[in-house]
Amino acid sequence: MTWIDLGNPSPKLETDRYTPYEWDNSKKCIILDDPNAFIPIPFTEVMFKRKSQRYFKTTSIEHLSYLLWLTNRVKDQVDSTMGFPLTLRPVPSAGAIHPIHILLNSPNMDTWWRYDPFSHSLKSITKEHVFFHTVRESCQDILNCNTASIMLLVAEPQKTLSKYSDGASLVWRDAGVLLGNLALAATYLDINFCPLGALFPKKINDGKQLVTVGMSVIDAINIECN
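Note that the structure is a prediction, hence the values are computed from the model and not measured. All chains use their own residue numbering, which begins from 1 and follows the written sequence. It should be noted that, the model being predicted, local features are given only for residues of pLDDT at least 70 and side-chain atom pairs only at 80 or more, the latter also being counted only at that level, while totals for whole chains, interfaces and linings use all residues. Water and hydrogen atoms play no part in the side-chain values, which are based on all heavy atoms of the structure.

### Things to note about the overall build of the chain
Where helices and strands are cited, they refer to DSSP runs of H or I of at least four residues and of E of at least two residues respectively, numbered from the N terminus. Secondary structure assignment for the chain yields 5 helices and 12 strands. Atoms counted for the radius of gyration: C-alpha only. Globule rule: 2.2 Å times the number of residues to the power 0.38. Taking 17 Å as the expected radius of gyration for a compact globule of 226 residues, we find that the chain reaches 17 Å, a close match to that expectation. Here the C-alpha coordinates of the chain stretch approximately 50 × 45 × 40 Å along the principal axes. Using a 1.4 Å probe on the protein chains alone, a residue whose accessible area is under 20% of its type maximum counts as buried, one over 50% counts as exposed, and one in between counts as partly exposed. By residue count, 49% of the 226 residues in the chain fall in the buried class. At a minimum sequence separation of 6, the contacts of the chain that also span at least 24 residues come to 75%. When the accessible surface of the chain is split by element, carbon and sulfur atoms take 53% of a total near 11800 Å². It only takes one pair of heavy atoms within 4.5 Å for two residues to be counted as in contact. Calculation of accessible area relied on Shrake-Rupley with a 1.4 Å probe; when residues are assessed, cover is drawn exclusively from the protein chains displayed.

As structure tokens, then:
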């Protein structure tokens, strides 16, 4: 076995300043609705019911909205000296940094969408699109996702590394926490969800600010038609 030692993370005495990646968003933006109410279900029932699903149905964009609202929306934020705000969200993150973006693509649609947790909206991406056009084809070697939406977790590691020495493992742990909570929330919302072990694409931007740290497939969502 080859074990890669990622070091032992520790907060820096002085944080570094980092300029976050600037997404080249097009004019396409979908404002998602906040949930009005949730049906109360015992947490133990969700835990017992959760399992990875490998068949997929079509679900509404409202279900996607609830999934993202329950797991990744920004509830509060504070300024920091690192060049970006620290945020409070439903899932934990090392240093409240939350370096991970959620990207989505639905079957038979070319557009990739990025979830904006500050405005609870979906924004289509443009200049980065060239790096994603083979993701669905690559996934076919693992799981037939022709009838599923693809969800990518894309991180900006330097956000976390601005505060922590040897902080790479914290980014991966953030990804695991987010993926696990997405799976639980999907179970509660009756959304079929299956994590994937592969990481596509291997390259996202020429400046190497972005890396894929998680993948999953979920029920198909007709995003562009809503």
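### Observations regarding the side chain of Thr111
For Thr111, the location among the structural elements is in the loop between β6 (100-105) and β7 (113-116). Thr111 gets classed as buried once you look at its relative accessible area, which sits at 13%. Dropping the residues within four chain positions of it, Thr111 is found in contact with Lys28, Leu104, Asn105, Ser124 and Glu224.

### Some words on unusual backbone geometry
Glycine aside, residues mostly have negative phi, and peptide bonds are mostly found in the trans state. Looking along the chain, the bond that leaves Phe200 and enters Pro201 is cis, with omega of -10 degrees. For Pro201, the location among the structural elements is in the loop between β11 (193-196) and β12 (211-221). At His120, a position not held by glycine, the phi torsion is positive, near 50 degrees. Looking at the element boundaries, His120 is found in the loop between β7 and β8 (121-125).

### A word on the pattern of salt bridges
Whenever Lys or Arg places a side-chain nitrogen within 4 Å of a carboxyl oxygen from Asp or Glu, that contact is recorded as a salt bridge. Inspection of every chain in the model, using the stated rule, returns 3 salt bridges. Lys12 is the partner of Asp16 in a salt bridge, and the nearest nitrogen-oxygen pair spans 2.4 Å. Across the pair Asp219 and Lys57 runs a salt bridge, and its minimum N-O distance is 2.6 Å. Taken together, the residues span a long stretch of sequence, with Asp219 in strand β12 and Lys57 in the loop between α1 (43-49) and β3 (58-59) at a distance of 162 residues. Given the relative accessible area of 0%, Asp219 is considered buried.

### Thoughts on the nonpolar core
Within this scheme, the nonpolar core is defined by two criteria: the residues are buried Ala, Val, Leu, Ile, Met, Phe, Trp, Tyr or Cys, and they are joined through side-chain atoms within 4.5 Å. Ranked by size, the top nonpolar core spans 31 residues in total, and within it Leu64, Leu104, Leu122 and Ile223 carry the most contacts. Put simply, the parts of the chain that give this core at least two residues each are α2 (61-71), β6, β7, β9 (148-155), α5 (168-188) and β12. Broken down by element, the residue count for this core peaks at 8 residues, all from α5.

### Focus: a nonpolar patch on the surface
Residues Ile4, Leu6 and Trp172 make up a contiguous nonpolar surface patch of roughly 310 Å² in combined accessible area. Note that Leu6 resides in the segment before β1 (10-11). With a relative accessible area of 36%, Leu6 lands in the partly exposed category. Put simply, a patch holds well-exposed residues, over 30% relative accessible area, that have no salt bridge, with like charges counted together within 9 Å and Val, Leu, Ile, Met, Phe, Trp or Tyr side chains within 5 Å.

### Comments concerning the UniProt feature "domain: Nitroreductase" (unreviewed entry) in the chain
UniProt positions are given in the numbering used here, feature names are shortened, and annotations may be inferred rather than shown by experiment. Under the local residue numbering, the UniProt record ascribes the feature "domain: Nitroreductase" (unreviewed entry) to residues 49-204. Secondary structure across residues 49-204 divides into 28% helix and 24% strand, with the first and last C-alpha atoms of the span separated by 35 Å.

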